[in-house]
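# Chains, contacts and geometry: an overview
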Amino acid sequence: MGLFDSHVHLDDSRFDGDREELISSLSEDDIDYVVNIGADLQTSKNSIELSEKYSFVYATVGVHPHEVKSMTEDDIDLLRELSTHDKVVAIGEIGLDYYYDNSPRELQKKWFIRQIELANECNLPIVIHSRDAAQDTYDILEQHNRSSRLLIHCFSQSLEMAKKYVNMGAFIALGGAITFKNAKHLLDVAKFIPMEHLLLETDCPYLTPEPFRGKRNDPSKVRFVAQKIAELKNIDFTEVVDRTNYNARMFYGI
Ligand SMILES: [Zn+2]
């Protein structure tokens, strides 16, 4: 079994120069699957387009908290329509971001809830973005999610929150941040997360792991996240690869 990169943005303009070449070479890097994540209507459509071109690329559709300031109910209808596509495997990335506050917090909450309801209605899992908004994110999910599987992407919260999400049955994805030198508390989080709740991701082109930090990230670098987890948990690299691949296919229903 190969690696499963559960969160990529290969439609980002930083890949414009070599997108096809890069995606075509991923199997040589032992990448089995990638899920390209929508962050607004346009990138949701871009994700679907990529998934139509490559059998091992899947897509999500959703509006990121940065982009909800101008969201309308028509956008929910559009997302509902897009979500019926064969290769769409989740609603996301949706959530709350109080670090940048690019959209007013009240609107962030409103459209987070509305998109959770949409995922429930469409029987799709949810990919969650949460930054500096741990308690509100948790409370909203607890109150409003009825039936969707949950994935907290690029987990950066406390150990205590990780425990609460595991109790809730959520999956947690770790990325390049666990390889950073200032990532102390995340190391404890990584050690804690039970293997059956863990996914790997790059969030490329962002969050490039060491030893490539500062360069553009891409799915081939997800192996450095797997290596770090194997080291922290003192288990085989192949066990990390196999189990996270299995979990990601379970979560996304692939
Ligand atoms: Zn992302």
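Not measured: the values here are computed from a predicted model.

## Regarding the side chain of Asn 36
Looking at the element boundaries, Asn 36 is found in strand 2 (residues 31–36). In this structure the side chain of Asn 36 is engaged in a polar contact, spanning 3.0 Å, whose partner is the side chain of Asp 11. For Asn 36, the contacting residues outside a window of four places in its chain are Val 8, His 9, Leu 10, Asp 11, Ser 47, Leu 50, Val 57, Tyr 58, Ala 59 and Thr 60.

## Remarks on the coordination of the zinc ion
Looking at the zinc ion, the protein donor atoms are His 7 (NE2), His 9 (NE2), Glu 93 (OE) and Asp 203 (OD), and they sit 2.1 to 2.5 Å from it. In this structure, the zinc ion is coordinated by four donor atoms arranged in irregular fashion, with angles at the metal of 86 to 175°. Every donor residue of the zinc ion comes from the same chain, spaced as H-x1-H-x83-E-x109-D. With His 9 in the loop between strand 1 (3–8) and helix 1 (19–24) and Asp 203 in the loop between strand 8 (198–200) and helix 8 (222–233), this pair connects stretches of sequence that are 194 residues apart. Overall, Asp 203 belongs to the buried group, its relative accessible area being 8%.

## Focus: the packing of aromatic side chains
Applying the stated rule across the entire model yields ten aromatic pairs. Seen from their ring centres, Phe 212 and Phe 224 are 5.3 Å apart, and the 65° between their planes marks the pair as edge-to-face. Here Phe 224 lies in helix 8 and Phe 212 lies in the loop between strand 8 and helix 8, a separation of twelve residues in the sequence. Owing to a relative accessible area of 26%, Phe 212 belongs among the partly exposed residues under this scheme. The lysine or arginine in question, Lys 163, covers the ring of Phe 192, its NZ or CZ lying 5.7 Å from the ring centre.

## Considerations on the sheet that holds strand 7 (residues 171–174)
Taken together, the eight strands give an open sheet; going across it, the order is 1-2-3-4-5-6-7-8, and neighbouring strands pair in parallel fashion. Two strands lie at the open edges of the sheet, namely strand 1 and strand 8, each paired on one side alone. Taking the axes of each pair of neighbouring strands and ignoring which way they run, one obtains an average angle of 30° across the sheet. Across five bridges, the pairing between strand 4 (residues 88–97) and strand 5 (residues 126–131) is parallel. Within the sheet, the bridge partner assigned to Leu 96 lies in strand 5 and is Ser 130.

## What about helix 3 (residues 73–82)?
All of the buried residues in helix 3 are Asp 75, Ile 76, Leu 79 and Leu 82. Down the axis of helix 3, the sector holding all buried residues measures 125°, keeping them to one side. In helix 3, those exposed residues whose orientation departs by more than 90 degrees from the buried face are Asp 74 and Glu 81.

## Let's talk about the UniProt feature "binding site: a divalent metal cation 2" (unreviewed entry) in the chain
Residues annotated in UniProt with the feature "binding site: a divalent metal cation 2" (unreviewed entry) correspond here to His 129 and His 153. In three dimensions, the annotated residues from a span of 25 residues occupy one location, with a maximal C-alpha spread of 5.9 Å. The residue His 129 is located in strand 5 in this model. Judged by its relative accessible area of 13%, His 129 is buried. Not counting chain neighbours up to four residues away, the residues in contact with His 129 comprise His 64, Pro 65, Glu 93, Ile 94, Gly 95, Leu 96, Asp 97 and His 153. Looking at the element boundaries, His 153 is found in the loop between strand 6 (150–152) and helix 6 (159–168). What makes His 153 buried here is its relative accessible area of 5%. Apart from residues lying up to four places away in sequence, His 153 is in contact with His 7, Glu 93, Val 127, Ile 128, His 129, Ala 173, Glu 201 and Asp 203.

## A closer look at the state of the cysteines
Two cysteines, two sulfur atoms, one covalent bond between them: this is a disulfide. Overall, the coordinates contain zero disulfides when judged by the stated rule. Here Cys 154 stays free of any disulfide, with the sulfur of Cys 204 as its closest cysteine sulfur at 11 Å.

## What to know about helix 9 (residues 237–252)
Taking 1.5 Å per residue, 16 residues should reach 22 Å; helix 9 reaches 22 Å between its end C-alpha atoms and fits that length. Val 240, Val 241, Thr 244, Asn 245, Asn 247, Ala 248, Phe 251 and Tyr 252 are the residues of helix 9 that are buried. Taken around the axis of helix 9, the buried residues stretch over an arc of 165°, which confines them to a single face. Taken from the residues just after helix 9, Gly 253 is the one with a positive phi, measuring 70°.

## Observations regarding the pattern of salt bridges
Inspection of every chain in the model, using the stated rule, returns 13 salt bridges. Salt-bridge contacts for Glu 121 lead to Arg 80; the nearest nitrogen and oxygen are separated by 2.7 Å. Of this pair, Glu 121 sits in helix 4 (residues 105–122) while Arg 80 sits in helix 3, placing them 41 residues apart in sequence. Arg 80 sits in the partly exposed class, given a relative accessible area of 25%. With a closest N to O distance of 3.5 Å, Lys 109 and Glu 106 form a salt bridge. Residue Lys 109 and its partner Glu 106 are located together in helix 4, separated by three residues, close to a single helical turn.

Cut-offs and rules
Residues numbered from 1 in each chain as written. Predicted model: local features only at pLDDT ≥ 70, side-chain atom pairs only at ≥ 80, totals over all residues. Heavy atoms only, no water. Helix = DSSP H or I, 4+ residues; strand = E, 2+ residues; numbered from the N terminus. Polar contact = N/O pair within 3.5 Å; in protein donor to acceptor, adjacent residues only side chain to side chain. Contact = heavy atoms within 4.5 Å. Donors = N, O, S within 2.8 Å, 3.2 Å for Na, K, Ca; no water. Tetrahedral: all angles 85-135°; square planar, octahedral: opposite > 155°, others 65-115°. Buried < 20%, exposed > 50% of the residue type's maximum accessible area, 1.4 Å probe, protein only. Phe/Tyr/Trp six-rings, centres within 6.5 Å; stacked < 30°, edge-to-face > 60°. Lys NZ or Arg CZ within 6 Å of the ring centre and 35° of its normal. Pairing = 2+ DSSP bridges. Axes fitted to C-alpha atoms, helices over the stretch in contact; angles between N-to-C directions. Arc of directions from axis to C-beta. UniProt positions renumbered as here; feature names shortened; annotations may be inferred. Disulfide = S-S within 2.5 Å. Expected span 1.5 Å × (residues − 1). Salt bridge = Lys/Arg side-chain N within 4 Å of Asp/Glu carboxyl O.

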